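Residue-level structural notes
Listed here are the chains, written in short residue letters.
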Amino acid sequence: MAVVQTRGLTKLFKKGDVGAVVQVDLESREGEFLVLLGPSGSGKTTLLRMIAGLEEPTSGEILIGGRVVNDLTPRERRIAMVFQSYALYPHLSVFGNITFPLKAQGMRKPDREKKAEWAAGLLGIGHLLARKPRELSGGERQRVALARAIVREPALFLLDEPLSNLDAKLRASARTELEQFQRRIGTTTIYVTHDQVEAMAMGDRIVVMNRGSVRQIGTPAEVYDDPADSFVATFLGSPPMNLIESGNVTVGFRPEHFLPAAEAREKGSAIPVRFHVTNVEYLGAERILYGEAQSGLFDGQNVISRIAAHGGAALEKGTVQEFAVAERDLKFFDRESGTRTARVGIG
Amino acid sequence: MIRLGTRARARSGKLVHGAVLLAFSVLLGFPFYWMVITSFKRGPDLYNLKNNPFIFNQMPTLEHLRLLFEETLFLRWLGNTLFAGILVVAITLVLAVPAAYALTRLTGRWGGRIGIAIFLTYLVPPTLLFIPLSRIVALLGLQDTLWSVIVVYPSFTIPFSIWLLMGFFKSIPRELEDAAMVDGLTRFQAFLKLVVPISVSGILTVVIFSFTLVTQEFVYALTFISSAAHQTVGVGVPIYLVRGDVYYWGSLMAACLIASLPIGFGYNLFLDRFIAGFTFGSVK
Amino acid sequence: MSLGRQRWLGPAMFLPAVLYVVALVGVPFVLAFLYSVGDVKVGSVGYHFVGLANFKSVLQNPTFLRALRNSFVFTISSQILVLVGANILALALKSAFPGRRFVRFLILLPWVAPVSIGAIGWKWILDSLYSVINWVLIRAHLVNEFSPPMWLGEPALAMMSVILVHTWHMLPFATVIILAGWTAIPKDIPEAASVDGARFFRRLFQIELPMMLPIINVAVLFGVIFTFTDMTVVYILTRGGPYDTTQVLPSLAFFAGILGSDLAEGAAISLFLVPVLAIAAWLMLRTAHRAEVT
């Protein structure tokens, strides 16, 4: 049974459509880590808040555990939420923060203490119970927020960009911790982020959103290798997919599929492209080559290539190279709507 | 217990909300409404216990206003207060603006301490100082003149204004003046030509609030000024609009209205800025 | 940071203000102490030290003891009413609603209007003969037409009236400060509490009010200082009557020192304000310091 479901969920704001949500149909599976991914203003946070009960939908239904919950307060939905700022209660100790939801439930003191210790143990913050939030580091605060969330053993976990307040170094390790944590407790989780790397790394499935509507729902592999439209294709992957207009289609290919001709041909027939390299970024494990195509269909277009560092020593700025894209790696999109269309013969 | 759906809950919440607002508006605003009614009610109507006091049982009249303006010193008091207010505000600005700037920018650690000390002087009440001050005023030969209050009032408008202005100046980034000084201005020039123009809203707030402090003051004016002609509005109205034991209630209430509403408008306009200055330090 | 060359600029800019304030606050403050231990009267020349004689005579005066008690009773009663009222009103004003600006203007009037003006307005409302409150009470058959309550004429009622006017005057100020405290609470904390299962009153008393404690403290302390040291309300409403039953320290100091021309006695009475002021100021500094650390 789906844990969370939305049907035709819509939220319109009076002040325009930034953050609005339009006709979203969604179904999350038991125990899955579902990521809502999109740029700012795409409506992902609004969607999350509606599921939480913090925002009232304009129309549509939200179901949790099979029940329509539109009229239920957040308290009644048995969910837990971790906010971007963690929203820890500054005047309470870590222990006070963690036990607050249990107090609100009416749990008795000895039971509260036991639960708090369990949650704190799970997150490794048992030694911090007496501290106040202002005395904690960013990573520690996140763990307190998580402990407070799981202590009620909710049916659903909602997380709103919890890693974005951490500095870059911390973010990677916090990310892994979060993944492992979710796998351990197995609660269905909905996670909002604008960072596609996070989404790809953490999500079992990704809901890609733009301007309030869902563009595609799929596993990381599906949304990456099989994008439903040009928005999804360019939003995922860094550097973004090369898009070239030709006739009434847009042709797309990823930088990592834009390779020296010999390599590209290993996959089968390939479209040759003469590549004038104008800039090279050496990133250690790989190189990003920026330049201009100088032949045939793609003539004059800016293209990007991404290759492993050890290949092709002579790929330097200013040179012109014979590159190619395997035909298998081409994706085609309708030029006007951006939707993915069938393969078209070109070249 | 009946489970109210979210919509019914919202509706009853709105009702309570409205009731609370109404109750407080009535409690806090009623005296002013009463001033309005009293100012325009005819004497016989006003002093007739059998009449409903909330409505006009006879035609409203301007007689009380006429009496107020033509047969009392009310206009004189308004003039005195305006005159005193303008001068006090001027003195306050000249002294407090540079002081606040200096304490914010130029004296590092000490600046904060002196700032707190200045703020504490605002807490020293007139009802403690008025007795010695009455002596000092007499010594300066200023007793029973408007000048007594003009000289004394800055003693509380200055600390208050410094405290307000420090809040404003703290929010102006230092880099602005640093850039100006790199460009060749002296610090004082940077202050005059850069900081002051930027802080116009803060300075205006100080002007309004200092002026209202002047109009609200009672103790010093009552103590230092003994003749009716030299009084301010805050003291003249409650003390002198009376013959023997009998107050001229109609004219008195009219005077109260005129003395309160204009200040109310000005204050309301600048309140948000005042709050910003007030809470800059107390709440993060 | 001062620049090496212009070290004198800072002091030059703030010294005039500091000197002005020292002259008109610091000097009289010291003088108040000197008068209280001297025998200064209006028009007297010279000064004689009399030690604690003034304080002794003042403390033996039953009127003074009554005034001392009244100062505390009025201040504490009105501040409790203000605290509760301001919190409720701030809650009501927190969310936007049509007409909010007008309501805010109306609600501010008691604070903005000179307190003497407000007091005389109330004096009319509480008048012994023409009180509109009595008119309503009589019509509602709650009081006898021939012996209505003398709001300013009977000691107990007069005290209540003074407390009422103080509360009325201070409520807007406290409301504004507390409202600022409300808006400073980050939006997601009450939301988190909501998700955690806290309904309205639990959120209010366990999360929101405790977070606002520093600013509520400041509002209360200001209120205490302003009310405790105020003589205007009492002077205008009752002149301290009936028979000195509503005197407070500042008004008594005024009657003794200015109207009675005994500056020494007046100074001695007014000095009893200092301990309360000092404690309030110390508490305020501590709260402000703690609030800044958070």
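This is a predicted model, so every value here is computed, not measured. (Residues numbered from 1 in each chain as written. Chains lettered and ligands numbered in written order. Predicted model: local features only at pLDDT ≥ 70, side-chain atom pairs only at ≥ 80, totals over all residues.)

1. Description of the sheet that holds strand β16 (residues 302–308) of chain A
Residues and elements named next belong to chain A. Taken in spatial order, the five strands make up an open sheet running β13-β17-β14-β15-β16, and their pairing is antiparallel. Both edges of this open sheet fall to β13 (258–260) and β16, since each of them pairs with a single strand only. On average, each strand axis in the sheet is tilted by 50° relative to the strand beside it, whichever way the strands run. Across three bridges, β13 lies against strand β17 (residues 320–326) in antiparallel orientation. If you follow F258 over to β17, its bridge partner there is V325. (Pairing = 2+ DSSP bridges. Helix = DSSP H or I, 4+ residues; strand = E, 2+ residues; numbered from the N terminus. Axes fitted to C-alpha atoms, helices over the stretch in contact; angles between N-to-C directions.)

2. A word on the environment of V35(A)
All names here are of chain A. Along the polypeptide, V35 turns up in strand β3 (residues 33–37). Separated by 30 residues in sequence, V35 and Q5 have C-alpha atoms that sit 14 Å apart. Sequence-distant contacts of V35, defined by excluding residues within four places in its chain, comprise Y191, T193, A199, M202, G203, I206 and V207. (Contact = placed C-beta atoms within 7 Å.)

3. Considering the pairing of strand β10 (residues 213–218) of chain A
Pairing geometry for strand β9 (residues 205–210) of chain A and β10(A), over five bridges, is antiparallel. Counted as the bridge partner of N210(A) is S213(A) from β10(A).

4. Observations regarding the sheet that holds strand β8 (residues 188–193) of chain A
Residue and element names in this part refer to chain A. Pairing is mixed across the open sheet formed by six strands, whose spatial order is β6-β7-β8-β3-β9-β10. Every other strand in the sheet has two partners, leaving β6 (79–82) and β10 as the edge strands with one partner each. When the angles between neighbouring strand axes are averaged without regard to direction, this sheet yields 20°. Packed onto the sheet, helix α4 (residues 138–150) meets β6 and β7 (156–160) and runs at close to 170° relative to β6.

5. What to know about the interface of chain C and chain B
Think of interface size as the accessible area that goes away when the parts come together; that is how it is often given. Contact with chain C, which involves 76 residues of that partner, is made by 75 residues of chain B. The dominant element in the side of chain C that touches chain B, judged by the number of residues it contributes, is helix α1 (residues 9–36) of chain C, at 15 residues. The class makeup of the residues in the side of chain C that touches chain B is 61 nonpolar, 13 polar and two charged. (Nonpolar A, V, L, I, M, F, W, Y, C, P; charged D, E, K, R; others polar.)

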